[in-house]
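Listed below are the residues making up each chain.
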Amino acid sequence: MPFTATVLTMFPEAFPGPLGVSLIGTAWREKGLWDLQTLDIRAFSEDKRGFLDDTPAGGGPGQVLKADVVARALDSLEGPPRPLLYMSARGRPLTQARVKEWAKADGIVVLCGRFEGVDQRVLDARGFEEISVGNAVLAGGEAAAMVAIEACVRLVPGVLGAAESLSSESFEDGLLEHPHYTRPRTFEGHDIPEVLLSGDHKKIAQWREAQRELTTQERRPDLWAAHLAKTAAEPGSAKSKVKGAKARGE
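Residues numbered from 1 in each chain as written. Predicted model: local features only at pLDDT ≥ 70, side-chain atom pairs only at ≥ 80, totals over all residues. Heavy atoms only, no water.

Caption draft 1: Fine view of the sheet that holds strand 7 (residues 129–132). Read across the open sheet, the five strands follow the order 2-1-6-5-7; overall the sheet is parallel. Two strands in the sheet have a free side with no partner beyond their single neighbour: strand 2 (34–40) and strand 7. Pairwise comparison of adjacent strand axes, ignoring direction, gives a mean angle of 35° for this sheet. Bridge count between strand 1 (residues 3–9) and strand 2: seven bridges; the pairing is parallel. Of the residues in strand 2, the one forming a bridge with Thr-9 is Asp-40. (Pairing = 2+ DSSP bridges. Helix = DSSP H or I, 4+ residues; strand = E, 2+ residues; numbered from the N terminus. Axes fitted to C-alpha atoms, helices over the stretch in contact; angles between N-to-C directions.)

In structure tokens:
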């Protein structure tokens, strides 16, 4: 069975969206390297009017998606167990490390919330992992679900073609990716850096690494601090050697 992403949503018509285009879309529709399924949770309401939600316990504005409706939708799924994700602004941040773990599974099941959210009891009882794609609130979980699915699917072997292209991307080693350039040589007064035209692969590699470090320092100081800490702890690093010497009383 290919990697299968199943989406529990009130709006299955929102899919595939960007998941159906380019290399990822081709890998799904033509190559069968992964599969996308949508499940309309409205079909699992036992209310004769089809209601999925109710007022919040304790009062307050808005509505809450009911636990029993979500549970029935989830119980209808077949196949091996897969990680359960609930897209939520209060969830843990989506990271490349988590994506790589999910990509190793048989697939993922993604719940898209609406209204004020989902009854916490079904999230706790079924073991959903709450995931956020950024410090912003969306009207629903569908757009966020597409982000999580695309991040996983692009790691499925064969989807993007050259596996080596993944190794130098942002977050793979704790640093952001270096900038890229192509023809024309000059664009609106901005030139391609000369080092990239030099043909000296060693200097080009050094420049790219320096750019990765600079970009990470400027844009993600949190990642830079973690990178420095990791580097210092690695055997053979200058800082680790100093620590080792001090520990030995040298």
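Next comes the rest of the description.
Caption draft 2: Representation of the side chain of His-178 in the model. Assignment of secondary structure puts His-178 in the loop between helix 5 (142–153) and strand 8 (186–187). Excluding anything up to four places from it in sequence, His-178 contacts Arg-208, Gln-211 and Arg-212. (Contact = heavy atoms within 4.5 Å.)

Caption draft 3: Seen up close, the environment of Leu-94. With respect to the helices, strands and loops of the structure, Leu-94 is situated in the loop between strand 5 (84–93) and helix 3 (96–103). Leu-94 sits 36 residues away from Glu-130 along the chain, and the two C-alpha atoms are 9.5 Å apart. The contact partners of Leu-94, leaving out residues within four places of it in the chain, are Val-99, Trp-102, Ile-131, Ser-132, Val-133, Val-147 and Ala-148.

Caption draft 4: Broad picture of the packing of helix 6 (residues 201–219) against helix 7 (residues 221–233). For the pair helix 6 and helix 7, interaxial distance at closest approach is 5 Å and the crossing angle is 125°. The pairing of helix 6 with helix 7 is recorded here as oblique in orientation. Seen from helix 6, the contacting residues are Glu-213, Thr-216, Gln-217, Glu-218 and Arg-219; seen from helix 7, they are Pro-221, Leu-223 and Trp-224. When the residues that make up the contact of helix 6 with helix 7 are grouped by side-chain class, the tally is three nonpolar, two polar and three charged. (Parallel < 35°, antiparallel > 145°, perpendicular 65-115°, else oblique. Nonpolar A, V, L, I, M, F, W, Y, C, P; charged D, E, K, R; others polar.)

Caption draft 5: Region of interest: the pattern of salt bridges. Counted according to the given criterion, the structure contains 14 salt bridges. The salt bridge partner of Asp-75 is Arg-126, with a shortest N-O separation of 2.6 Å. You can see Asp-75 sitting in helix 2 (residues 67–75) and its partner Arg-126 sitting in helix 4 (residues 120–126), a full 51 residues away along the chain. The partner of Asp-173 in a salt bridge is Arg-212, and the shortest N-O contact between them spans 2.7 Å. Here Arg-212 lies in helix 6 and Asp-173 lies in the loop between helix 5 and strand 8, a separation of 39 residues in the sequence. Asp-173 sits in the partly exposed class, given a relative accessible area of 35%. The buried category is assigned to Arg-212, whose relative accessible area is 7%. Three or more residues are tied together by salt bridges with common partners; here these are Glu-46, Asp-68 and Arg-72. (Salt bridge = Lys/Arg side-chain N within 4 Å of Asp/Glu carboxyl O. Buried < 20%, exposed > 50% of the residue type's maximum accessible area, 1.4 Å probe, protein only.)

Caption draft 6: View of the nonpolar core. Grouped together as the largest cluster of nonpolar side chains are 28 residues, with contacts concentrated most on Phe-15, Trp-34, Leu-36, Met-87, Ile-108 and Ile-149. Listed by contribution, the elements that provide at least two residues to this core are strand 1, helix 1 (22–29), strand 2, strand 5, helix 3, strand 6 (107–112) and helix 5. Broken down by element, this core gets its largest block of residues, eight residues, from helix 5. With sequence-adjacent residues up to four places away left out, Met-87 is seen in contact with Val-110, Leu-111, Ile-131, Val-133, Gly-141, Ala-144, Ala-145 and Ala-148. (Core = buried A, V, L, I, M, F, W, Y, C linked by side-chain atoms within 4.5 Å.)

Caption draft 7: Representation of helix 6. The terminal C-alpha atoms of helix 6 lie 27 Å apart, and with 19 residues this matches the ideal 27 Å at 1.5 Å per residue to within 8%. Summarising the contacts, the buried residues of helix 6 are in contact with helix 7. The backbone nitrogen of Lys-202 has a side-chain oxygen 3.2 Å away, supplied by the residue at the start of helix 6, namely Asp-200. (Expected span 1.5 Å × (residues − 1). Polar contact = N/O pair within 3.5 Å; in protein donor to acceptor, adjacent residues only side chain to side chain.)

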